[in-house]
Amino acid sequence: LREFTPQNLAMTAWAFAAADHLAPALFDSDAFVQQLCAAERSFATDDLRQLHQWQLWREERDTAWPPLPPELAQRCRATFSSREGAPSKLQRDVVASLQALGLTLREEVRTEQGYSLDAVVVYGGREVAIEVDGHSHFCGRNPTGATALKRRQLRAAGWVLLPVPYW
C-alpha cells in the first residue's frame, strides 16, 4: 500500500465496492485508512468521489472496518454530492412521458447518500426513483460497475428503483 498513489488507493477502494467483494486482509486493519490519511491532501475530485462510494459500501455491508476520519469523510461526501445532474434528451423524454401519464414527479433529487436521482414519482403511496440510463451506463446490455454500484447502494438505502435503459 505504501507504494500506491492517491489515485491507486481510491481506485482500489472503489473497485472492491463496485464488485461487492469483501477483502478483510485489506480493509480490516487500520493500514488502509492510514494510507488514505497520508494521501488526503493529494486526492483529486474523482478520487474523493470514489472514496465516498467506498464509505457507503462500508455502511451498506455494516462492516467493522476502520472508517474514514470524519473530516475526510465529509470532504468526500461534499465532493460526491456537488456533481450537478445534466438531464439528457432521453431523460427529458422519459420525464415528459411520465407527466403525460398524469404522474407528479421531482427531477434531479439528491438522496441522503449524495446520489442524484433523475426523477422521483410517488406511486402506490411510495416514492420510486427513476434512473434513465443511456449507452454510457452499459457494456452491451450489462450495467457498468458504476451503474451497478449506484443501483445497489440506492436499493440498500431503501429506495424502490426503476431503471429505464436506453433500449
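Details of the structure are given in the entry above.
Residues numbered from 1 in each chain as written. Predicted model: local features only at pLDDT ≥ 70, side-chain atom pairs only at ≥ 80, totals over all residues. Heavy atoms only, no water.

1. So, the sheet that holds strand β6 (residues 160-165)
As summarised here, the arrangement of the 4 strands in space is β1-β2-β3-β6, forming an open sheet in which the pairing is mixed. Edge positions in the sheet fall to β1 (105-110) and β6, since each of these pairs with one other strand and no more. Averaged over all adjacent pairs, the angle separating strand axes in this sheet is 35 degrees, with direction ignored. As defined by bridge partners, β1 adjoins strand β2 (residues 116-123) across 5 bridges and the pair is classed as antiparallel. By the bridge assignment, V109 is partnered in β2 with L117. Lying over the sheet, helix α6 (residues 89-100) contacts β1, β2, β3 (126-133) and β6, oriented at roughly 145 degrees with respect to β3. (Pairing = 2+ DSSP bridges. Helix = DSSP H or I, 4+ residues; strand = E, 2+ residues; numbered from the N terminus. Axes fitted to C-alpha atoms, helices over the stretch in contact; angles between N-to-C directions. Contact = heavy atoms within 4.5 Å.)

2. A word on the packing of aromatic side chains
Going through the model one piece at a time under the given rule, you end up with 12 aromatic pairs. Consider the rings of F27 and W65, whose centres lie 4.9 Å apart with planes at 40 degrees: the pair is tilted. One end of the pair, F27, is in helix α2 (residues 24-27); the other, W65, is in the loop between α4 (45-60) and α5 (70-81), with 38 residues separating them in the sequence. Each member of the pair, F27 as well as W65, is classed as buried. Seen in terms of ring centroids, W54 and W65 are 6.3 Å apart; in terms of plane orientation they differ by 10 degrees. Their pairing is stacked. In this pair, W54 sits in helix α4 while W65 sits in the loop between α4 and α5, placing the two residues 11 residues apart along the sequence. Both residues of the pair, W54 and W65, count as buried. Members of the aromatic cluster, connected to one another through ring pairs, are F16, F27, F32, W54, W57 and W65. Between the NZ or CZ atom of R141 and the centre of the ring of W167, over which it lies, the distance is 4.3 Å. (Phe/Tyr/Trp six-rings, centres within 6.5 Å; stacked < 30°, edge-to-face > 60°. Buried < 20%, exposed > 50% of the residue type's maximum accessible area, 1.4 Å probe, protein only. Lys NZ or Arg CZ within 6 Å of the ring centre and 35° of its normal.)

3. Remarks on the environment of V33
On the secondary structure map, V33 appears in helix α3 (residues 31-38). Residue V33 is classed as buried on the basis of its relative accessible area, which comes to 9%. Separated by 101 residues in sequence, V33 and G134 place their C-alpha atoms 35 Å apart. Filtering out sequence-adjacent residues up to four positions away, V33 remains in contact with W54, P66, P67, L68 and P69.

4. Quick look at the pattern of salt bridges
Taken as a whole and judged by the stated rule, the model has 10 salt bridges. Here E71 makes a salt bridge to R41, at a shortest N to O gap of 3.1 Å. One end of the pair, E71, is in helix α5; the other, R41, is in the loop between α3 and α4, with 30 residues separating them in the sequence. Among the residues examined, E71 registers a relative accessible area of 54% and is labelled exposed. With relative accessibility at 60%, the residue R41 sits in the exposed group. In this structure, D133 engages R151 in a salt bridge whose closest nitrogen and oxygen atoms are separated by 2.7 Å. Here R151 lies in helix α7 (residues 145-156) and D133 lies in strand β3, a separation of 18 residues in the sequence. (Salt bridge = Lys/Arg side-chain N within 4 Å of Asp/Glu carboxyl O.)

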